[in-house]
Amino acid sequence: MGARRAQDEGATGGPPAVASTLTPTPAPGDEDGTQAALEQVGPRLRQLRLEREATLADLSAETGISVSTLSRLESGQRKPTLELLLPLARAHRVALDELVDAPETGDPRVRLTPLTRHGRTYLPLTRRPGGVQAFKMVIPVEPGEPGELRTHDGYEWMYVLSGRVRLVLGSRDLLLGPGEVVEFDTRTPHWFGNPGPHPAEVLALYGPQGERMHVRS
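Along each chain, numbering runs from 1 in the same order as the chain's sequence is written. Restriction of local features to residues with pLDDT of at least 70 applies here, the model being predicted, together with a cutoff of 80 or more for giving and counting side-chain atom pairs; totals for whole chains, interfaces and linings are based on all residues. To get the side-chain values, all heavy atoms of the structure are used, and hydrogens and water are removed first.

Peer 1: Looking at this model, I keep getting lost on the sheet that holds strand S9 (residues 200–207). Mind explaining?
Peer 2: Strands in a sheet are paired, the pairing made by backbone hydrogen bonds, and the direction either parallel or antiparallel. Only strands that DSSP links by at least two bridges are regarded as paired with each other. Each helix is a run of DSSP H or I of at least 4 residues and each strand a run of E of at least 2, with the numbering of both proceeding from the N terminus. Taken in spatial order, the 6 strands make up an open sheet running S1-S2-S3-S9-S4-S7, and their pairing is antiparallel. Two strands bound the open sheet, and with one partner strand each, they are strand S1 (115–117) and strand S7 (181–185). Adjacent strand axes in the sheet meet at a mean angle of 25 degrees when their direction is disregarded. As paired elements, strand S3 (residues 133–139) and S9 share 7 bridges and run antiparallel to each other. Residue pairing across strands places Phe-135 opposite Ala-204, the latter belonging to S9. Lines are fitted to the C-alpha atoms to define the axes, a helix being fitted only along its stretch in contact, and any angle between axes, read from their N-to-C directions, falls within 0 to 180 degrees.

Now the structure itself:
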């Protein structure tokens, strides 16, 4: 889940070096497709900003790009370049290719690619980098005493689908069953595991510092 993922996985590297303009040399007969893709960048930028409930002034303060330039980008009056879109992709927490190639609507299905860490199976349920991440986790039976309690920035929300989960949170030692929910600040020393007798399934949301979930137990 998010907390364990933050503990076990290192940060990914940055994007590869790319040219300074997003306008590629089109293949013969592909000029219309390239132009159509570029025309979608402005509406996509506006959609992302509105989803965040941010104003142009907010985005300008966050990226260092002037309000007038942002407005012209969103309206299609300014050609998108990497110098402009890289900080916008970081601000909106999306991959750069989403800004360039994504249509206004697309396939909403998330293709699950299971990950295995220390015997636990994680199924990512979100595909955007950064921000709140959702996981389904299958925890095998892990008898014995709790391991080392860990801390890191962020917030965790856990819903037990089946089985039992033992959560040690600071001085508290909790046993959670199906349908029970917990939410906690991951700067509090914590550990969780499955005392058995069956594998446990958990739905988890993890948000980095400042990304507290909008759900409550």
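Further notes follow.
Peer 1: Hey, could you run me through the pairing of S9 in this one?
Peer 2: Taken residue by residue, a regular strand's side chains alternate between the two faces of the sheet. The buried label applies to any residue whose accessible area, calculated with a 1.4 Å probe on protein chains only, is under 20% of its type's maximum; exposed applies above 50%, and partly exposed to all values in between. For S9, a buried count of 6 out of 8 residues is recorded, marking the element as mostly surrounded by other parts of the structure. Pairing of strand S4 (residues 155–162) with S9, which is carried by 7 bridges, proceeds in the antiparallel orientation. By the bridge assignment, Met-158 is partnered in S9 with Ala-204.

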